[in-house]
Amino acid sequence: MLTAAGCGTDSGEADSGSPPPVTVKLPNLKGKQLQVTAVWTGTEQKNFTKVLSEFEKRTGAKVSFVPSGDDMAGFVGSKMAGGQPPDVALVGQVGVLREFAQKGWAKPVNDATKAELAKNFSKGWQELGSYKGKQYGVYFKVSNKSLIWYNTSAFAYAGAKEAKTWKEFLAQAQLISDSGTDPVSVGGADGWTLTDWFENVYLSQAGPEKYDLLAQHKIKWTDPSVKQALTTLAELWGAKGLLAGGRSGALQTAFPDSVVKAFSNAAEPDAAMVFEGDFAAANVSDAGAQLGSEAKVFPFPAVGKTAPVVTGGDVAVALKNSEASQALLTFLASPDAAHVWAQAGGFVSANRKLDLSVYPNEPLRKIAKAVIAAGDDFRFDMSDQAPASFGGKPAQGEWKALQDFLKNPKDVEGIQRQLERDAAKAYRN
């Protein structure tokens with residue numbers, strides 16, 4: 001189903017909300033055609049189409065959007081083989097961006113885009129979009145994966161409050177448990193949620209430098225820092241009465257259901273809290289809870305000196321070195337483009353110049369603020385940086401090992417050995 005959808009403004013929806021600022025100069029591209037691909041479908045595609053419509057309006061270019069499906073590397077590879085790649089792709093994994101740059105598929109950005117990036121993004125986001133010292137990408141849509149979502153009724157009934165440290169988090173969880181509600185819902189049937197738990201604990205406790213070393217497998221998973229993080233996780237996963245449905249219940253709960261447990265019954269939920277990124281807001285809404293009143297959010301608690309900010313994101317890369325594709329990257333690096341999607345909701349930007357008041361509600365403003373405030377101290381999802389055989393596939397590698405650990409949180413050293421065996425094979429070192 002690769003039908004290209006035009007990005008006209010005939011529905012009038014693109015004009016809703018406040019008009020975006022005009023901070024960036026774009027060339028006249030009348031008569032030029034541009035094809036863009038991303039994984040987005042449904043509401044996300046509709047909102048991104050509004051961004052492309054604004055670009056059309058300012059430049060005169062005609063833009064078509066083609067959904068790539070989940071396998072962006074496979075989709076772009078087949079188009080490259082056929083000699084007709086899209087002009088711009090929005091890629092969800094750092095590894096895929098690097099692969100495109102290595103193969104010469106991705107083209108370095110021009111000076112105008114570099115200037116926008118320098119003005120609007122922290123050095124950390126610029127470096128994530130580069131390969132071997134050259135800038136290739138613009139992180140347009142990002143996710144904050146360091147959030148605890150909570151049911152306000154359950155908190156009020158237990159007299160619980162938002163936790164700033166891991167110790168406070170465990171104490172509040174116990175307070176909620178004593179009030180008769182299971183405190184923490186975990187979607188352990190999806191191994192990726194468990195990698196996110198580990199990454200947040202590890203980043204806060206071991207620090208960004210160690211995080212980078214482990215992400216590149218420059219230190220082993222048998223390292224004492226990994227033992228410390230797993231031992232910390234076991235304080236929650238291994239404690240009696242803190243997980244919704246216990247460990248076996250958590251292992252049978254898929255991520256969307258873990259959110260439903262906390263929010264489908266606002267007054268008497270099956271759980272009081274659930275951990276995951278800003279994308280959980282959609283699941284909260286699907287469960288029927290009102291964001292900002294029945295459902296609120298606070299940052300993942302600090303395990304070490306500072307609270308972690310683990311991120312994901314979609315990076316725009318030019319697959320054709322044309323004036324039009326470079327102009328689109330320049331536009332996506334500006335606060336003008338971010339403004340269009342931010343006011344529609346379901347979007348977070350790392351652009352420092354985007355006015356936070358544009359976000360449609362307070363929870364989203366808080367989430368975006370935390371990403372900006374992290375400066376260069378955030379880290380990109382570790383499992384998304386790993387070879388897929390270790391960090392990205394069900395029933396193997398990190399997903400499987402952490403599910404085994406959730407099953408038996410006492411076996412810290414056994415899980416470390418399992419993780420190291422799988423990592424050594426995947427990284428081939």
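Residues numbered from 1 in each chain as written. Predicted model: local features only at pLDDT ≥ 70, side-chain atom pairs only at ≥ 80, totals over all residues. Heavy atoms only, no water.

Engineer: How should the packing of helix α4 (residues 111-120) against helix α14 (residues 323-332) be read in this particular structure?
Structural biologist: Helix packing for two helices is described by the angle between their axes and how far apart those axes are. Close contact between α4 and α14 brings their axes to 8 Å; oriented N to C, the two are set at 10°. Here α14 runs roughly parallel to α4, going by the angle between their axes. Between α4 and α14, the residues in contact are A112, T113 and E116 and Q326, L329 and T330, respectively. (Axes fitted to C-alpha atoms, helices over the stretch in contact; angles between N-to-C directions. Helix = DSSP H or I, 4+ residues; strand = E, 2+ residues; numbered from the N terminus. Parallel < 35°, antiparallel > 145°, perpendicular 65-115°, else oblique. Contact = heavy atoms within 4.5 Å.)

Engineer: What is the right way to look at α14 in this model?
Structural biologist: Along an α-helix, a turn takes 3.6 residues, which lines up residues three or four apart on a common side. Most of α14 sits out of view: 9 of its 10 residues are buried. Every buried residue of α14 is listed here: A324, S325, Q326, A327, L328, L329, T330, F331 and L332. (Buried < 20%, exposed > 50% of the residue type's maximum accessible area, 1.4 Å probe, protein only.)

Engineer: Which parts of the structure should I look at to understand the layout of surface pockets?
Structural biologist: If a probe the size of a water molecule is rolled over the atoms, the empty space left behind becomes visible. Considering only enclosed or pocket space, the second largest pocket measures out at about 460 Å³ in volume. Lining the second largest pocket we find 17 residues, and of these R98, L128, D212, Q216 and Q385 sit closest to its centre. Where the lining of the second largest pocket is concerned, the elements lending two or more residues are α5 (123-128), α9 (208-215) and β13 (379-380). Broken down by element, the lining of the second largest pocket gets its largest block of residues, 4 residues, from α5. Per-class residue counts for the lining of the second largest pocket are 7 nonpolar, 4 polar and 6 charged. Counting the residues that make up the lining of the second largest pocket, at least three belong to each of domain 1 (33-144 + 311-380) and domain 2 (147-308 + 389-427). (1 Å grid on protein atoms, 1.4 Å probe; cavity = no way out; pocket = protein on both sides within 12 Å on 5 of 7 lines; lining within 4 Å. Points joined across faces, edges and corners; volume = space filled by probe spheres on them. Nonpolar A, V, L, I, M, F, W, Y, C, P; charged D, E, K, R; others polar. Domains from an automatic or database assignment.)

Engineer: How should the domain arrangement of the protein be read in this particular structure?
Structural biologist: It is common to give the size of an interface as the accessible area lost on bringing the parts into contact. As far as domains go, the protein holds domain 1 (33-144 + 311-380) and domain 2 (147-308 + 389-427). Its C-alpha centre places domain 1 at a distance of 28 Å from the equivalent point of domain 2. Counting residues at the interface gives 10 residues for domain 1, matched by 13 residues for domain 2. Three residues stand out in domain 1 for area buried against domain 2, namely N144, P363 and R379, and they jointly supply 49% of the buried area on that side. For D212, the salt bridge is made with R379, and the minimal N-O distance between the two is 2.8 Å. Taken together, domain 1 and domain 2 are joined by 4 residue pairs in polar contact (both at pLDDT 80 or more). Contributions of two or more residues to the side of domain 1 that touches domain 2 are made by β7 (137-144), α16 (362-373) and β13. (Buried area = accessible area lost by both parts, 1.4 Å probe. Salt bridge = Lys/Arg side-chain N within 4 Å of Asp/Glu carboxyl O. Polar contact = N/O pair within 3.5 Å; in protein donor to acceptor, adjacent residues only side chain to side chain.)

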